Amino acid sequence: MKARIDVGLENELVHTARSRLPFESCGVILGTVTGGVIEASGFRLIRNAAGRPATQFSFHPKDWIEIFFEVQKNQREIVGLFHSHPSGTVVPSESDLAGFVPWMTYWIVGLTEAGHEIGVYAPKPETRWSRLPLEIVSDGSSRRTAPPASSLADPESV
């Protein structure tokens, strides 16, 4: 399985996350799944209701319910949940591990002053996390951003 996102959507997601600094942003990824490829086609931001929004996230219940039913009504599909890490890392934190809700995918947008990285994870029964390859598509070409499975940034042993 792998994930794919258009560079324009990637830029919009990163811009949205940056606009909420120094706090973590969160929401859902919309898209489709075809032949083992999770294709992101949009996202919806959900207010962060965590008590410490600079280091944690929690979906605002009212926003979550509204977006969930809106997506169903419009016959769209939620293919993942996302949140940002203002610290730059895409490795799931201890707080992420403790609150992980097994959805199809879990996207972490790591922000630094100079750039960003997106890590996409899927539930895996043995370890709870498996980092997926992420393809960023631009004008018919693509570039891979996820490190190989043997990378230290991949929490396979978590």
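What counts as what
Residues numbered from 1 in each chain as written. Predicted model: local features only at pLDDT ≥ 70, side-chain atom pairs only at ≥ 80, totals over all residues. Heavy atoms only, no water. Helix = DSSP H or I, 4+ residues; strand = E, 2+ residues; numbered from the N terminus. Buried < 20%, exposed > 50% of the residue type's maximum accessible area, 1.4 Å probe, protein only. Contact = heavy atoms within 4.5 Å. Areas by Shrake-Rupley, 256 points an atom, 1.4 Å probe, with all protein chains shown as cover. Salt bridge = Lys/Arg side-chain N within 4 Å of Asp/Glu carboxyl O. Phe/Tyr/Trp six-rings, centres within 6.5 Å; stacked < 30°, edge-to-face > 60°. Pairing = 2+ DSSP bridges. Core = buried A, V, L, I, M, F, W, Y, C linked by side-chain atoms within 4.5 Å.

Trainee: For this particular structure, what's the right way to read the overall build of the protein chain?
Mentor: A tally of regular secondary structure across the protein chain gives 3 helices and 9 strands. What you see in the protein chain, going N to C, is helices and strands ordered as β-α-β-β-α-β-α-β-β-β-β-β. Among the 158 residues that make up the protein chain, the fraction classed as buried is 42%. Nonlocal contacts in the protein chain, meaning residues at least 24 apart in sequence, comprise 58% of its contacts between residues at least 6 apart. Within the structure as shown, the protein chain displays about 8200 Å² of accessible surface, and the carbon and sulfur contribution to it stands at 55%.

Trainee: I keep staring at unusual backbone geometry and nothing clicks. Help me out?
Mentor: Excluding glycine, residues mostly carry a negative phi; peptide bonds, for their part, are mostly trans. At the junction of L21 and P22, the peptide bond is cis and its omega measures out at 15° in the coordinates. Along the chain, P22 turns up in the loop between α1 (7–18) and β2 (26–34). Even without being a glycine, Q75 presents a positive backbone phi close to 55°. Position of Q75 relative to the elements: it lies in the loop between α2 (61–73) and β4 (78–85).

Trainee: Would you mind going over the pattern of salt bridges with me for this structure?
Mentor: Side-chain pairs of opposite charge can arise whenever the charged atoms involved come near each other. Evaluation of the coordinates by the stated rule reveals 7 salt bridges. Among the salt bridges present, the one from E70 reaches R44, with a minimum N-O distance of 2.2 Å. Of the two residues, E70 is situated in helix α2 and R44 in strand β3 (residues 37–46); the sequence distance between them amounts to 26 residues. Taking the relative accessible area as the measure of exposure, E70 reaches 34% and is therefore partly exposed. For the salt bridge of R47 with D63, the shortest nitrogen-to-oxygen distance reads 2.9 Å. Pair noted here: R47 is in the loop between β3 and α2 and D63 is in helix α2, with a separation of 16 residues, a long-range link. For R47, a relative accessible area of 45% translates into the label partly exposed. A single salt-bridge network, built from bridges that share partners, covers K2, R4, E39 and E135.

Trainee: Is there a simple way to explain the packing of aromatic side chains in this structure?
Mentor: Each aromatic ring pair is summarised here by two numbers: the centre-to-centre distance and the angle between the ring planes. For the structure on display, the rule yields 5 aromatic pairs. Note on F43 and F82: the rings are 5.8 Å apart at their centroids and 90° apart in plane angle, and the pair reads as edge-to-face. You can see F43 sitting in strand β3 and its partner F82 sitting in strand β4, a full 39 residues away along the chain. Residue F43 is classed as buried on the basis of its relative accessible area of 13%.

Trainee: It is not clear to me how the pairing of β3 should be interpreted in this structure. Could you clarify?
Mentor: By the bridge criterion, 3 bridges tie strand β1 (residues 2–6) to β3 in an arrangement that is parallel. Paired with A3 across the two strands is I38, which belongs to β3. The pairing of β2 with β3 spans 9 bridges and is classified as antiparallel. Bridge pairing in β3 places V33 opposite I38. Counting the residues between successive antiparallel strands, the hairpin from β2 to β3 contains 2 residues, one of them, G35, with a positive phi of roughly 55°.

Trainee: Just to check I follow, could you spell out the nonpolar core for this structure?
Mentor: Across soluble globular proteins, nonpolar side chains show a tendency to be buried alongside one another. Counting 21 residues, the largest nonpolar core has I29, W107 and L134 as its most contacted members. For this core, the elements supplying multiple residues, two or more each, are β1, α1, β3, β4, β5 (106–111), β6 (116–122) and β8 (134–138). No other element matches the 4 residues that α1 contributes to this core. Of all hydrophobic cores here, the second largest spans 15 residues; its members include L30, I46, L81 and I108.

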